[in-house]
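The residues making up each chain are set out below.
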Amino acid sequence: MALELKNITKKVKGRTHIKDTSLTLEAGHFNVLLGETGAGKTSLIKLMAGLDRCSSGSIMMDGRDVTRLSTQKRNISLVHQFFVNYPHMTVFENIASPLRVAGMAKSEIEGRVDDVAGLLQLRPMLQRYPHELSGGQQQRTALARAIAKESNAVFLDEPLANLDYKLREELREQLPELFAGRGTVVVYATSEPEEALLLGGKTGLMQDGRITQFGPTADIYRRPANLVSASVFSNPPINQINVTKKDGRIGLDQTTVEWTAGGAANALADGSYIMAIRPNDVLPIRSDAANVAVSGTITVTELSGSESSAHFTFAGRNWVSLAHGIHPYKTGTDRTFYINPEKCFFFLPDGEMAAR
């Protein structure tokens, strides 16, 4: 089973929402759409699901052209970030509703609902109504309905965004297992790079209505094709600075910081580049690997669970450090951080990858 997009676009009143996009999404793994709010993830899902019509191009599902077919005739399921359940129906009836519409036999409906309710730990709630459920239970009900339907494609549009941290963590781990071996194309939209990494599979990075890179999630994270892709796959925002390579050394512009080029930087010709490094590779403690010092004035500090972040000015730019543990940062003070040169990306002035 595969879902293929062939040069699809979407324009509304002269404005392009989805730019020329060609993409093949296959069953057997998660297909993640990763991008900031407004990048076009929901717009693209609506086109694939048949909720909106393409302005141009075609959509093929298992070799069949479904571009002009309604949502109902595409045999798809859609789970939003909001808990979309029928309030007048019990959990059992909510899960069974698409099966009844399909004319399935009562005994088969009961068996399938029982199976997915067991997977999602909903059996004790089958006779409850949505208003009697927690947010996590409501979202599990929506997921159960999508799984029970055994659709050709399931679209999950930031389905965990409104759940609390613990529930998000639990469902992130469960979701790949729930859809494993079902022969269903699963498309999962998220704005969180960490979530894409946890889900694995393949990821399409989205910005401004277009896919900037698509491939195995871990590969894209390690080897972004361009600065746009590196930026999309970084939260907090990736740190950037102009650099110069000369006589085997890398120098950060407008600073005295430099080091002997190593690793991928060895392949760079002498010249000017844009260097980028993720916040989790800018650390407050020196190590054998993170040994290049950069200093700046701290402007904002944040503590989130077991991580500390510090925003600081460096070479006229705003940089961010994200480190495990609790660190005693204080706004308005100068602080030295350390980067690992092996974790740096180098891009050409036009933003394309130069070396990694």
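Everything numeric in this text was worked out from a predicted model, so none of it was measured.

Enquirer: Explain the overall build of the protein here, please?
Expert: Secondary structure summary: the protein contains 8 helices and 21 strands in total. Scored against the burial criterion, the 356 residues of the protein give a buried share of 48%. Across the protein, the fraction of contacts at a sequence separation of at least 24, relative to all contacts at a separation of at least 6, is 65%. Accessible area for the protein stands at about 16900 Å²; split by element, carbon and sulfur atoms hold 47% of it. For the protein, the distance from the average position of its 39 positive side-chain charges to the average position of its 38 negative side-chain charges is 5 Å.

Enquirer: What should I look at first to understand the sheet that holds strand β4 (residues 56-61) in this one?
Expert: What holds strands together in a sheet is hydrogen bonding between their backbones, with the strands either parallel or antiparallel. Strands sit in the order β2-β1-β4-β5 across an open sheet of 4 strands; the sheet is antiparallel. What marks the edges here is a single partner per strand, and that holds for β2 (15-26) and β5 (64-65). Of the pairings in the sheet, the one linking β4 to β5 comprises 2 bridges and is antiparallel in character. Across the sheet, M61 pairs through a bridge with R64, a residue of β5. On the sheet, helix α1 (residues 41-49) packs against β1 (2-12), β2 and β4 and is oriented at approximately 120 degrees with respect to β1.

Enquirer: I'm lost on unusual backbone geometry in this one. Help?
Expert: Peptide bonds are trans in most cases, and residues, glycine excluded, mostly fall at negative phi. Backbone torsion omega between N235 and P236 reads 5 degrees, so that peptide bond is classified as cis. Among the structural elements, P236 can be located in the loop between α8 (227-232) and β11 (239-246). Residues other than glycine seldom take positive phi values, yet D62 does so here, at roughly 55 degrees. Relative to the helices and strands, D62 resides in the loop between β4 and β5. By relative accessible area, D62 is classed as exposed at 55%.

Enquirer: Quick question: what am I supposed to make of the nonpolar core here?
Expert: A general trend in soluble globular proteins is that nonpolar side chains are found buried together. Ranked by internal contacts, the top residues of the largest apolar core, which has 41 residues, are F30, I95, V113, L156, L175 and F179. Counting residues per element, this core draws most heavily on helix α4 (residues 135-148), at 6 residues. Excluding residues within four positions of it along the chain, L156 makes contact with F30, I45, V79, L143, F179, V186, V187, Y188 and A189. Within the second largest apolar cluster, 26 residues are counted, among which are L23, I45, I59 and M61.

Enquirer: Even after reading the chapter, I still don't get the packing of aromatic side chains, so can you show me in this structure?
Expert: By the definition in use, this model includes 8 aromatic pairs. Arranged with centres 5.2 Å apart and planes meeting at 75 degrees, the rings of Y221 and F233 form a pair that is edge-to-face. Highlighted residues: Y221 in helix α7 (residues 217-222) and F233 in the loop between α8 and β11, separated in sequence by 12 residues. Assessed through its relative accessible area of 23%, Y221 is described here as partly exposed. For F233, a relative accessible area of 1% puts it in the buried group. Grouped by ring-pair contacts, the aromatic residues F312, F314, W319, Y329 and F337 constitute a single cluster. A cation over a ring is seen here: R335 above F337, with NZ or CZ 6.0 Å from the ring centre.

Enquirer: So what exactly am I meant to see when it comes to α4 here?
Expert: For an α-helix, the turn length of 3.6 residues means that residues three or four places apart are oriented alike. Spanning 14 residues, α4 covers 20 Å between terminal C-alpha atoms, matching the ideal 20 Å at 1.5 Å per step. Of all 14 residues that make up α4, 13 are buried, and the element is covered over most of its length. With its phi angle positive at about 50 degrees, E150 sits one or two positions after the end of α4.

Enquirer: Could you clarify how one ought to interpret the sheet that holds strand β6 (residues 76-79) in this entry?
Expert: Taken together, 6 strands build an open sheet; the order of strands is β6-β7-β8-β3-β9-β10 and the sheet is mixed. Either end of the sheet is taken by a strand with one partner, and the two such strands are β6 and β10 (210-216). Sheet twist, expressed as the mean angle between neighbouring strand axes with direction ignored, is 15 degrees. As paired strands, strand β3 (residues 30-34) and strand β9 (residues 202-207) are joined by 4 bridges and run parallel to one another. Residue V32 lies in a different strand from β9, and its bridge partner there is T203. Each of β3, β6, β7 (153-157), β8 (185-190), β9 and β10 is contacted by α1, which is oriented at about 160 degrees to β7, the strand it contacts most.

Thresholds applied
- Residues numbered from 1 in each chain as written.
- Predicted model: local features only at pLDDT ≥ 70, side-chain atom pairs only at ≥ 80, totals over all residues.
- Heavy atoms only, no water.
- Helix = DSSP H or I, 4+ residues; strand = E, 2+ residues; numbered from the N terminus.
- Buried < 20%, exposed > 50% of the residue type's maximum accessible area, 1.4 Å probe, protein only.
- Contact = heavy atoms within 4.5 Å.
- Areas by Shrake-Rupley, 256 points an atom, 1.4 Å probe, with all protein chains shown as cover.
- Lys, Arg positive; Asp, Glu negative; His and termini not counted.
- Charge placed at Lys NZ, Arg CZ, Asp CG, Glu CD.
- Pairing = 2+ DSSP bridges.
- Axes fitted to C-alpha atoms, helices over the stretch in contact; angles between N-to-C directions.
- Core = buried A, V, L, I, M, F, W, Y, C linked by side-chain atoms within 4.5 Å.
- Phe/Tyr/Trp six-rings, centres within 6.5 Å; stacked < 30°, edge-to-face > 60°.
- Lys NZ or Arg CZ within 6 Å of the ring centre and 35° of its normal.
- Expected span 1.5 Å × (residues − 1).

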